[in-house]
Amino acid sequence: MRVAKYDVAIIGSGPGGYIAAIRAGELGLKTIVVEKDPFLGGTCLHVGCIPTKVLLHHADVYDHFKNGAELGFEVSGLKINWANILGRKDKIVKKHAKGIEFLFKKNKVEWVQGWGRYERPGKVSVEKDGKKTMIEASNVLLISGSEARSLPGIEPDHKQILTNRSILELPAIPKSLIIVGAGAVGVEFASIYNSFGTEVTILEALPRVVPVEDEEISAELEKTYKKRNINVFTSSMVQSVKKDAKGVTVTFKDKDGKTQTLQAEKLLLAVGRQPMTDGCGLEKSKAKVERGFVHVGPYMETDEPGLYAIGDIVAGLPQLAHAAGMEGIAAVTHIAGKQPPPIVKTRIPNCTYCEPQIGSIGLTEKQAKDAGYSVKIGKFPFVGNSKATILGNHGGFIKVVSEEKYGEVLGVHIIGPLATEILAEAAAVLHLEGTVDHMMEMIHAHPTVWEAMGDGFASVRGLQINV
C-alpha cells in the first residue's frame, strides 16, 4: 500500500487550524497547513478578535484618563493619536502572526500558501497564481472560516458602509456611527467608538441586544448603554440605506411600526457571519452541507471518512475562536487514534468584550426551564464587591442558574468588571459537573473581583455575605 506523504492536511490557519496543526505536531502526526493568505492566523488574529480587543483596551485606557479627577489625577491636554493606536494594533497582530510561524517550525508543521480544495479521499489541491499542485494526506481537516453577512440591497463599500474588516482601517474616528446588529461585533464596536467620542446608534431586528445571552444580561447591557448615551433601537427593521457626500441615511421601521430615518457619517453592518465553504471541494465528498454549514459527528468527522471540519463552518456550534481551537484538538486527537472528549455545546464559554464585559456559559434561565429542569437562581451584584469599587466599576451582576434538587450548576451569566476573566471558574465547574455547594466550599482570595463568584454561588442558597 502507498503511504500518504502527510498524516493530515489542514485547510485554513485560523485559530482552529493553527491550534489543530500544533497539537497534531505534538502528537507526532506529519502535518501540512494550506492558507490562502501570505500570513498565518486567519480572521481572528488579523481582522477579528485580536485587533478589536486592542481597540477596546485603548478605549478603556482613554476612559480612565477622562475620569482621572475622580481617581485623584489632573489630566490636561489629553488627545487621541489615532494613527498610533492603529499602529500598535498592527504591531500586535504581526507579532502574533510571527509567533504562529515559530510554533509551526518548533512542532515540525509545514505550511504552504494557496487556495486549498478537497479533491478526493487523500488528495488536496493547492492553487496559487493560476498553478495547481497536489498534496497527498491520509486525513483532511477543513477550517475555511466565515465572512460578514450583508443585508439584501445593502452592500458594503468599505468607505461609508463598513464591515468588521473595514472599520478597523478607518483613517479617522467618525463623528457619528450607525451599527446594524447588536450581537458581539455590534456591541463591541459601539463600546469602542462611544468611548472615543462618536455618537453611536444601534439598530437590532430582534427584541433585545446580545440576543444569545440570558434575558437579564440583555436588559442590563441596554440600560447601561443608554446611560452611556448609546442610542439603542430593538425590534427595528432596516428598510433602506442611502449614501451621499455627508454619509449615510438609514430608513427603518421601529418596534411600534413607525418609519424613522437616521443620518450618520458611517454605517457598520454587524448582522452575523456566513460560512465560507464555496470552492472548497465539499461537493466532491459525501459530507452533508446545509446552507453552507457542514454537519459533523462528535469528533468533527464528516460523512466522508477521513474528512473533518471545524470552526465557523460547522453546523450547530457557535462561531467562536476558542470553540474552533478545541474542535481542532478533538479532530487531530481522533486522527492520531486517541479518544478525545466530545465537544459539548453547553460547555463552550461565550465572551463579549464590550464595556461592561459579558461572560456566560451553559444554559440561560429560560433554556434550563424549557429543558424541563426545576431551576433555582442566584444573583450577586458587583456593588457588593470591594475590588469592583476600587476599580470604579461596580455595575452589573453574576447570575447562577442551578438545578434545584442537587444544586448542579447549569449556567453562569456575568455582566460587569472582568467578566470574561472570572468566567474561568464557571467554565471549570460546568466542565466538572460541579454543584453550587462545591463552589461555596472553595476559598476565594480577597480582595478580588473573582471573589464575587463565591457570593454568586452562595446566593442560590440565600447565603451570600456581601450584600
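Quick caveat, the model's predicted, so the values are computed rather than measured. (Residues numbered from 1 in each chain as written. Predicted model: local features only at pLDDT ≥ 70, side-chain atom pairs only at ≥ 80, totals over all residues. Heavy atoms only, no water.)

## What about the overall build of the protein?
Here's step 1: Counting secondary structure elements, the protein contains twelve helices and 24 strands.
Here's step 2: Radius of gyration (C-alpha) of the protein: 24 Å, near the 23 Å computed for a compact globule of 467 residues.
Here's step 3: Counting only C-alpha atoms, the protein reaches 70 × 60 × 45 Å along its principal axes.
Here's step 4: Counting every atom, the protein has about 22,200 Å² of accessible surface; 53% of that belongs to carbon and sulfur.
Here's step 5: Charged side chains in the protein number 55 positive and 53 negative. The centres of these two groups are separated by 5 Å. (Helix = DSSP H or I, 4+ residues; strand = E, 2+ residues; numbered from the N terminus. Rg over C-alpha atoms; globule rule 2.2 N^0.38 Å. Areas by Shrake-Rupley, 256 points an atom, 1.4 Å probe, with all protein chains shown as cover. Lys, Arg positive; Asp, Glu negative; His and termini not counted. Charge placed at Lys NZ, Arg CZ, Asp CG, Glu CD.)

## Details of a nonpolar patch on the surface
Here's step 1: A cluster of nonpolar residues, V61, F65, L71, F73, V75 and L78, forms a patch on the protein surface that exposes about 510 Å² of accessible area.
Here's step 2: Structurally, the position occupied by F65 is in helix α3 (residues 49–66).
Here's step 3: For F65, a relative accessible area of 42% translates into the label partly exposed. (Patch = residues over 30% accessible without salt bridge, like charges linked within 9 Å, V, L, I, M, F, W, Y side chains within 5 Å. Salt bridge = Lys/Arg side-chain N within 4 Å of Asp/Glu carboxyl O. Buried < 20%, exposed > 50% of the residue type's maximum accessible area, 1.4 Å probe, protein only.)

## Some remarks on the sheet that holds strand β10 (residues 199–203)
Two strands in a sheet stick together by hydrogen bonds in their backbones, pointing the same way (parallel) or opposite ways (antiparallel).
Here's step 1: Sheet architecture is open: five strands sit in the order β8-β15-β9-β10-β11, paired in parallel fashion. Of all strands in the sheet, those bounded by a partner on one side alone are β8 (161–162) and β11 (231–233).
Here's step 2: Taken together, the four bridges between strand β9 (residues 176–180) and strand β15 (residues 266–269) define a ladder with parallel strand orientation. From the neighbouring strand, I179 faces β15, where its bridge partner is L268.
Here's step 3: Strands in contact with helix α5 (residues 184–195) are β9, β10 and β15; relative to β10, the strand with the most contacts, it is inclined by about 165°. (Pairing = 2+ DSSP bridges. Contact = heavy atoms within 4.5 Å. Axes fitted to C-alpha atoms, helices over the stretch in contact; angles between N-to-C directions.)

## Focus on the packing of aromatic side chains
Here's step 1: In the structure shown here, the tally under the stated rule is five aromatic pairs.
Here's step 2: Look at F189 and Y193: their rings are 6.5 Å apart centre to centre, the planes differ by 25°, and that puts the pair in the stacked class. Taken together, the positions of F189 and Y193, both in helix α5 and four residues apart, correspond to about one turn of that helix.
Here's step 3: Looking at F189, the relative accessible area reads 2%, which means it is buried. (Phe/Tyr/Trp six-rings, centres within 6.5 Å; stacked < 30°, edge-to-face > 60°.)

## A closer look at the nonpolar core
Here's step 1: Ranked by internal contacts, the top residues of the largest apolar core, which has 50 residues, are I10, F104, I135, L141 and M300.
Here's step 2: For this core, the elements supplying multiple residues, two or more each, are β1 (6–11), α1 (15–26), β2 (31–35), α4 (82–106), β5 (123–128), β6 (131–142), β19 (307–309) and α7 (321–335).
Here's step 3: The biggest single contributor to this core is α7, with six residues.
Here's step 4: Contacts of I135, omitting those with residues within four sequence positions, involve Y6, A9, I32, V34, V112, G122, K123, V124 and V126. (Core = buried A, V, L, I, M, F, W, Y, C linked by side-chain atoms within 4.5 Å.)

## Here we look at the packing of α1 against α4
Here's step 1: The interhelical angle for the contact between α1 and α4, taken along N-to-C directions, is 25°, at an axis separation of 9 Å. Classed by the angle they form, the pair α1 and α4 counts as roughly parallel. Judged by the sense of rotation from one axis to the other, the crossing of α1 with α4 is left-handed. Residues Y18, A21 and I22 of α1 form the contact with α4, whose own contacting residues are I100, L103 and F104. (Parallel < 35°, antiparallel > 145°, perpendicular 65-115°, else oblique. Left-handed = near helix turned anticlockwise from the far one by under 90°.)

## Overview of the side chain of E119
Here's step 1: With respect to the helices and strands, E119 occurs in strand β4 (residues 115–120).
Here's step 2: For E119, a relative accessible area of 15% gives the class buried.

## A word on the layout of surface pockets
Here's step 1: If you add up the space inside the second largest pocket, you get close to 1,200 Å³.
Here's step 2: D60, D63, E355, G392 and N393 are the residues nearest the centre of the second largest pocket, which is lined by 36 residues in total.
Here's step 3: Contributing elements (two or more residues each) for the lining of the second largest pocket: α3, α5, α6 (215–227), α9 (386–390) and β24 (409–416).
Here's step 4: Ranked by the residues each element gives to the lining of the second largest pocket, the list is headed by α3, at eight residues.
Here's step 5: The residue makeup of the lining of the second largest pocket, split by class, is eleven nonpolar, 15 polar and ten charged. (1 Å grid on protein atoms, 1.4 Å probe; cavity = no way out; pocket = protein on both sides within 12 Å on 5 of 7 lines; lining within 4 Å. Points joined across faces, edges and corners; volume = space filled by probe spheres on them. Nonpolar A, V, L, I, M, F, W, Y, C, P; charged D, E, K, R; others polar.)

## Quick notes on the environment of S360
Here's step 1: Topologically, S360 is positioned in strand β21 (residues 357–362).
Here's step 2: The buried category is assigned to S360, whose relative accessible area is 6%.
Here's step 3: Between the alpha carbons of S360 and A424 there is a distance of 9.8 Å; along the sequence they are 64 residues apart.
Here's step 4: Leave out the neighbours within four places in its chain, and S360 touches E213, I348, P349, N350, V412, H413 and L423.
Here's step 5: Among the polar contacts made by the side chain of S360, one reaches the side chain of E213 at a distance of 2.7 Å. (Polar contact = N/O pair within 3.5 Å; in protein donor to acceptor, adjacent residues only side chain to side chain.)

## Points about unusual backbone geometry
Here's step 1: Of the consecutive residues E355 and P356, the connecting peptide bond is found in the cis state with omega at 5°.
Here's step 2: Checked against the element boundaries, P356 lands in the loop between β20 (350–352) and β21.
Here's step 3: At V210, a position not held by glycine, the phi torsion is positive, near 30°.
Here's step 4: Within the fold, V210 resides in the loop between β10 and α6.

## Describing the pattern of salt bridges
Here's step 1: For the structure shown, the criterion picks out 22 salt bridges.
Here's step 2: The partner of K98 in a salt bridge is E101, and the shortest N-O contact between them spans 4.0 Å. With a gap of three residues between them, K98 and E101 both fall in helix α4, about one helical turn apart.
Here's step 3: Its relative accessible area of 22% is what places E101 among the partly exposed residues.

## Some thoughts on the pairing of strand β23 (residues 397–403)
Here's step 1: Of all seven residues making up β23, seven are buried, and the element is well covered by its neighbours.
Here's step 2: Residues F397, K399, V401 and E403 of β23 are buried on one face, and the alternating residues I398, V400 and S402, pointing to the opposite face, are buried as well.
Here's step 3: The pairing of strand β22 (residues 375–381) with β23 spans seven bridges and is classified as antiparallel. Bridge pairing in β23 links K379 to K399.
Here's step 4: Examined bridge by bridge, β23 and β24 share six bridges and lie antiparallel to one another. Note on β24: the bridge partner recorded for V400 is V412.
Here's step 5: Linking β23 back to β24 in an antiparallel pair, the connection comprises five residues, with G407 at a positive phi of about 80°.

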